[in-house]
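# Coordinates in review
Read off the chains here:
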Amino acid sequence: GDGRPGQPGGGAHELQFDQHGNVIVGMDHGTVKYDPKTSQFLRWASGDAMFGLDPDGSIWHLSENGQLTKVDTSSEKLNRTIHPIPKNSGIYDIDTDSKGRTHLYIWRDGKFGIFDPKDDSYAEYKTPTPMAGPRRGKIDAQDRLWAAEFFAGQILMFDPDRKELREYPLVPGAKPYTPPFAAPYSVSPDVKNGMVWTNDFNASRLYRIDIATGQSTQYMTPSNYELRDLFVQKDAPRPTVWLPSYRPPAKIVKVQVR
């Protein structure tokens, strides 16, 4: 109801590809699977705009009461399982790794939650910088979560196996909550080239950060785009990132570096 195009509170917000190449689309109270081989759609009356996709192709999303819900996308019937977790306010994003663990970006409280279905365990980890605001991100091939710390002007790497958290400022030497007040919105790792990409929501800039050294390189976007997500093309011969522009709508930008 705020006048933004697409009305993100009601329509599709995220899509992912399952292990068979099907397109999984999430939206409030619903999930859709599209099979490009047969041009068929399947629909289930359970879902959310942000969701995780596990190795079996099942989706994981939060229900209205804050419980974690698993939806089996291999059946035309609605088969779902509810997993109670502690209630949190301000969960912004959700991702599921290759081991089936679901990560919750609890941005208003400055922490992460992780649920492991193997033993129904749930644990929380606070960001090293208090109230840093982890907003959106992605999980890399090593099951490390990369998240944008929207309030603190940093990105964060969380390794759930080693229980390791490491922060990288967008601007080297910049302190959290001080000028230039960078606000990274989303993160996409490029492990093959040893870097991670993010954007500054406040300044229409892109940042490429070296994972080993923390050194960042800044790029101006071709125009004043409003970016809420970005994606590294993993099979590209050189570092490539795609930028879907939220506003102005109907624009997508490809950026390559040498």
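This section reports on the structure supplied with the text. (Residues numbered from 1 in each chain as written. Predicted model: local features only at pLDDT ≥ 70, side-chain atom pairs only at ≥ 80, totals over all residues. Heavy atoms only, no water.)

### Some details on the packing of aromatic side chains
Applying the stated criterion to the full structure yields 15 aromatic pairs. Here Y34 and F41 contribute two aromatic rings whose centre-to-centre distance is 4.7 Å and whose plane-to-plane angle is 40°, an arrangement assigned as tilted. We classify Y34 as partly exposed; its relative accessible area is 24%. Geometrically, the ring pair formed by Y105 and F112 is edge-to-face, given 5.9 Å between the ring centres and 65° between the ring planes. Assessed through its relative accessible area of 1%, F112 is described here as buried. Every member of this aromatic cluster is reached through a ring pair, and the members are Y92, W107, F150, F151, Y185 and F201. The side chain of R228 reaches across the aromatic face of Y246, ending 4.5 Å from its centre. (Phe/Tyr/Trp six-rings, centres within 6.5 Å; stacked < 30°, edge-to-face > 60°. Buried < 20%, exposed > 50% of the residue type's maximum accessible area, 1.4 Å probe, protein only. Lys NZ or Arg CZ within 6 Å of the ring centre and 35° of its normal.)

### Quick look at the pattern of salt bridges
Evaluated as defined, the whole model comprises 10 salt bridges. For the salt bridge of D97 with R101, the shortest nitrogen-to-oxygen distance reads 2.8 Å. Among the ionic pairs, R144 bridges to D140, the shortest N-O distance being 2.8 Å. Grouping residues by exposure puts R144 and D140 together as buried. Connected via shared salt-bridge partners are D93, R136, K138 and D229. (Salt bridge = Lys/Arg side-chain N within 4 Å of Asp/Glu carboxyl O.)

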